[in-house]
Amino acid sequence: MRNLRTHPPLPERPSTAVESLDRGLRLLQLLRDYGALRVADAAQQLGVSRSSAHRLLQTLVFRGFAVQNEAHVYLPGPSMDAGPARLEWTRDFRRLCQPHLEVLSRRSRESANLMIRVGTNVRFLVTVRARTVEATHDRDGVVMPAHEASGGKALLAELTDDQIREIYTAGPAATLTEAAMAKLLGDAKRARAHGYAVNVEETERGVAAVGTAVHDRWGAPVGAVTLSTRADRFAERLPSTLLPLLLDSRAQIERDLSDVDLT
């Protein structure tokens, strides 16, 4: 008799499973399979209250696995389909930059971030939060659209306009409208002229940031350093405090990178 190939049985839910984690993972599956979720739908699927479903969805938004549109519908976020960066040097890069970020955060009294660009997204490698009650959120591990984040804009500005258009019109990344592309190219032009880029409430309501690209010993951009703060005090603090400290930190990091081969 011919042996028929059978699929192994699905594993049973372990008795030691963490309930909240399991619900969060189930939400990720629902977003992946349905493409859109309302709070009421999520609550029904998970068998929890609307308030519990809302908190879980907001946590996914915070980590970049979901976004919320104007109709209050949750959609898959940039972290959902972001594969591994597969850049082995990022651990050394983070280790080298960490002390500088700590100094930058302490001197500015704002949160300092380190990120890299992977395609049309940026990945936050580390956040050093300011030790104040008004500190912006920890973004360690978060994935965001590069054209919205200050560090992402600074890194995109290292490309030519034609190169920027190319990465945003290839395959599934072709998501920018003509207006959004025009804005991005304008932001890139200003970043090239001034050496930094800004983001005012483009990634998070009430938050603004300034970012600059960091270059390796050969002058190639390897990441970006940013400072994030409350949007209502950004314009006042940018020229006198945030920008001078940020550019000084970049110079210090690049000085260290001149003695290191990250590849």
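Here, every reference points to the structure presented above.
Residues numbered from 1 in each chain as written. Predicted model: local features only at pLDDT ≥ 70, side-chain atom pairs only at ≥ 80, totals over all residues. Heavy atoms only, no water.

### With respect to the packing of aromatic side chains
All chains considered together, the criterion is met by one aromatic pair. Taking the ring centre of Trp 218 as reference, the NZ or CZ of Arg 217 above it sits at 5.1 Å. (Phe/Tyr/Trp six-rings, centres within 6.5 Å; stacked < 30°, edge-to-face > 60°. Lys NZ or Arg CZ within 6 Å of the ring centre and 35° of its normal.)

### Some words on helix H3 (residues 50-62)
Taking 1.5 Å per residue as the helical rise, H3 with its 13 residues ought to reach 18 Å, and the 18 Å between its terminal C-alpha atoms agrees with that figure. For H3, the complete set of buried residues consists of Ala 53, Leu 56, Leu 57 and Leu 60. Looking straight down H3, one finds its buried side chains confined to an arc of 95°; they lie on one side. Once H3 ends, the next one or two residues include Gly 64, with phi positive near 85°. (Helix = DSSP H or I, 4+ residues; strand = E, 2+ residues; numbered from the N terminus. Expected span 1.5 Å × (residues − 1). Buried < 20%, exposed > 50% of the residue type's maximum accessible area, 1.4 Å probe, protein only. Arc of directions from axis to C-beta.)

### Considering the environment of Thr 169
Residue position: Thr 169 is located in the loop between helix H6 (161-167) and helix H7 (178-194). Accessibility expressed as a relative area gives 57% for Thr 169, which makes it exposed. Polar side-chain contacts of Thr 169 include one of 2.7 Å to the backbone oxygen of Arg 165. (Polar contact = N/O pair within 3.5 Å; in protein donor to acceptor, adjacent residues only side chain to side chain.)

### Focus: the packing of helix H4 (residues 90-108) against helix H8 (residues 234-257)
Where H4 meets H8, the axes come as close as 10 Å, and the angle between the chain directions of the two elements is 155°. The pairing of H4 with H8 is recorded here as roughly antiparallel in orientation. You can see that H4 and H8 cross each other, and the crossing is right-handed. Taken together, the residues of H8 that come into contact with H4 (itself represented by Phe 93, Leu 96, Cys 97, His 100, Leu 104, Arg 107 and Ser 108) are Arg 237, Leu 242, Leu 245, Leu 246, Asp 248, Ser 249, Gln 252, Ile 253, Asp 256 and Leu 257. A per-class count over the contact of H4 with H8 returns nine nonpolar, four polar and four charged. (Axes fitted to C-alpha atoms, helices over the stretch in contact; angles between N-to-C directions. Parallel < 35°, antiparallel > 145°, perpendicular 65-115°, else oblique. Left-handed = near helix turned anticlockwise from the far one by under 90°. Contact = heavy atoms within 4.5 Å. Nonpolar A, V, L, I, M, F, W, Y, C, P; charged D, E, K, R; others polar.)

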